[in-house]
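Tertiary structure, described
Each chain is listed here by its residues.
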Amino acid sequence: MSEVLVLVDHVGGEVRKSTLELLTIAKPLGEPVAVFIGDAAAGEAAAGRLGEYGAEKVLVASDPAYSEYLVAPHAELLANLIETRQPAGVLVPATADGREIAARAAVRTNSGVITDANAVADGFVATQSVFAGSYTVTGRVIKGTPIVAVKPNSVAPEANAGAGTVETVDFAPSDAAKTAKIVSVEEKPASGRPQLTEAPIVVSGGRGTNGDFGPVEELADALGAAVGASRAAVDAGWYPHANQVGQTGKTVSPQLYVAAGISGAIQHRAGMQTSKNIVAINKDDEAPIFELADFGVVGDLFQVLPQATEAVKAR
Ligand code: FAD
């Protein structure tokens, strides 16, 4: 069975959920092989978890260049693995780095690349949702090795026992790949909340908050949820862009999505419409968000959210 390379997304060795999703997608396509770029000991430590989700092998590449330079050395490594191992295809997370690595590796190997897929079927047929979800496009790479960047939260990760055998990759990136050096990395102060794209519950606020995200954050904290925001709220400077949900923000697909004071514009829906349960709170009973919602509350979010928070805390 041909290998399917899965680029591991991790923070200091802690594997992100999006990687487990990629391994789940890889399983029916071939033999999942995880590519871990980073500290060797962290790679060995991560192998167990990667194996639990189906990785038969974990290739660990730990040249110092990967942490000293921006993504070009990662792309060179991936291109080298494509040339030497001739996999059936490559899956990468559709993050900013993942997309850039995919594009660079595709150029180096004369391969086709598909970005922002939300499903990959037999034969590496990739599905994309375009124009804010108005069209579904299926496509297939017809040149070289298919490289597909898959959006986080496209599938639920499934445990699938794989051997998780660690193989060290001795590949030293060339000087030509060492083009942009990392000068400093600033860690944002931890909010204490889960990552927006990984959280099982997201509570989002829109223009209806009128700039006061207090009730949104309080409900989020009572539920252990991440906080999202509509573009109107972000553009007004009420919440950081990193929290924006939608076409030009993040795509989320939690078990529960609470939209408070959000009208439900198509560009917002594009980022949250695959949520398993959607609860909308809006004082306009004709707001389009109610067409999508599983549960709707017509009311003022400044009254509804505190009551919901109290009810959650009382449980
Ligand atoms: P509004 O549409 O103004 O809705 C506010 C809602 O709050 C209303 O329904 C109102 O009834 C309700 N409300 C007001 N007060 C209260 C209250 N006290 N209690 C309860 N309800 C209340 N938008 C995104 O969100 N994400 C994107 O990524 C995105 N990308 C875009 C990309 C492009 C190219 C374009 C053109 C637009 C994009 N937009 C995006 C913008 C989008 O079209 C909408 O303008 C935006 O989503 C509206 O945000 P909103 O729902 O918060 O505001």
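Residues numbered from 1 in each chain as written. Predicted model: local features only at pLDDT ≥ 70, side-chain atom pairs only at ≥ 80, totals over all residues. Heavy atoms only, no water.

1. Comments concerning the UniProt feature "domain: Electron transfer flavoprotein alpha/beta-subunit N-terminal" (unreviewed entry) in the protein chain
As annotated by UniProt and renumbered to match this structure, "domain: Electron transfer flavoprotein alpha/beta-subunit N-terminal" (unreviewed entry) occupies residues 4-187. Structurally, residues 4-187 is divided into 30% helix and 29% strand, and its ends, taken at the C-alpha atoms, are 33 Å apart. (UniProt positions renumbered as here; feature names shortened; annotations may be inferred. Helix = DSSP H or I, 4+ residues; strand = E, 2+ residues; numbered from the N terminus.)

2. Considerations on the pairing of strand β7 (residues 113-121)
Relative to strand β10 (residues 147-150), β7 is paired through three bridges, and the arrangement is parallel. Of the residues in β10, the one forming a bridge with Ile114 is Val148. Bridge count between β7 and strand β8 (residues 125-130): four bridges; the pairing is antiparallel. The residue of β8 that forms the bridge with Ala117 is Gln128. Taken together, β7 and the strand that follows it, β8, pair antiparallel across an intervening segment of three residues, in which Gly123 is found at a positive phi of about 75 degrees. (Pairing = 2+ DSSP bridges.)

3. Some thoughts on the nonpolar core
With 29 residues, the main nonpolar core has Leu50, Val58, Leu91, Val120 and Val148 as its most contacted residues. Ranked by residues supplied to this core, first place goes to helix α1 (residues 17-26) with five residues. With residues near it in sequence (within four places) discarded, Val120 still touches Ile25, Leu29, Leu91, Val125, Ala126, Val148 and Val150. Residues Leu7, Val33, Ile147 and Ala149 belong to the second largest nonpolar core, which totals 25 residues. (Core = buried A, V, L, I, M, F, W, Y, C linked by side-chain atoms within 4.5 Å. Buried < 20%, exposed > 50% of the residue type's maximum accessible area, 1.4 Å probe, protein only. Contact = heavy atoms within 4.5 Å.)

4. A look at the site of the ligand
Surrounding the ligand, one finds 25 residues, the nearest of these being Arg207, Ser230, Thr248, Ser263 and Asn282. At 2.9 Å from an oxygen atom of the ligand is found a main-chain nitrogen or oxygen belonging to Arg231. Ser263 is positioned such that a nitrogen or oxygen atom in its side chain is 2.6 Å from an oxygen atom of the ligand. A total of 990 Å² of accessible area belongs to the ligand in isolation, and the protein chains cover 76% of it. (Near = heavy atom within 4 Å. Polar contact = N/O pair within 3.5 Å; in protein donor to acceptor, adjacent residues only side chain to side chain. Areas by Shrake-Rupley, 256 points an atom, 1.4 Å probe, with all protein chains shown as cover.)

5. Overview of α1
Counting buried positions along α1 yields nine of 10 residues, so the element is predominantly enclosed. Those residues of α1 that fall on the buried side of the exposure criterion are Ser18, Thr19, Leu20, Glu21, Leu22, Leu23, Thr24, Ile25 and Ala26.

6. A word on the packing of aromatic side chains
A complete count under the given rule lists one aromatic pair for this structure. Plain terms: the ring middles of Phe213 and Tyr239 are 4.4 Å apart, the flat faces sit at 20 degrees to each other, and that makes the pair stacked. Note that Phe213 is positioned in the loop between β12 (201-205) and α6 (214-223) and Tyr239 in the loop between α7 (231-235) and β14 (256-260), a separation of 26 residues in sequence. Judged by relative accessible area, Phe213 falls into the buried class, the value being 5%. (Phe/Tyr/Trp six-rings, centres within 6.5 Å; stacked < 30°, edge-to-face > 60°.)

7. What about the packing of helix α4 (residues 72-85) against helix α5 (residues 96-109)?
Between α4 and α5, the least distance of the axes is 8 Å, while the angle of their chain directions is 45 degrees. On the basis of their axis angle, the class for α4 and α5 is oblique. Along this stretch, α4 crosses α5, giving a crossing that reads as right-handed. Residues Ala72, His74, Ala75, Glu76, Leu78, Ala79, Ile82 and Glu83 of α4 form the contact with α5, whose own contacting residues are Ile101, Arg104, Ala105, Arg108 and Thr109. (Axes fitted to C-alpha atoms, helices over the stretch in contact; angles between N-to-C directions. Parallel < 35°, antiparallel > 145°, perpendicular 65-115°, else oblique. Left-handed = near helix turned anticlockwise from the far one by under 90°.)

8. Points about the packing of α6 against helix α10 (residues 301-314)
At a closest axis distance of 9 Å, the pairing of α6 and α10 adopts a crossing angle of 20 degrees. With respect to their mutual orientation, α6 and α10 come out roughly parallel. The interaxial crossing formed by α6 with α10 has left-handed handedness. Facing Pro215, Val216, Glu218, Leu219, Ala222 and Leu223 of α6, the residues of α10 in contact are Phe302, Leu305, Ala308, Thr309, Val312 and Lys313. Class assignment of the residues belonging to the contact of α6 with α10 gives a composition of nine nonpolar, one polar and two charged. (Nonpolar A, V, L, I, M, F, W, Y, C, P; charged D, E, K, R; others polar.)

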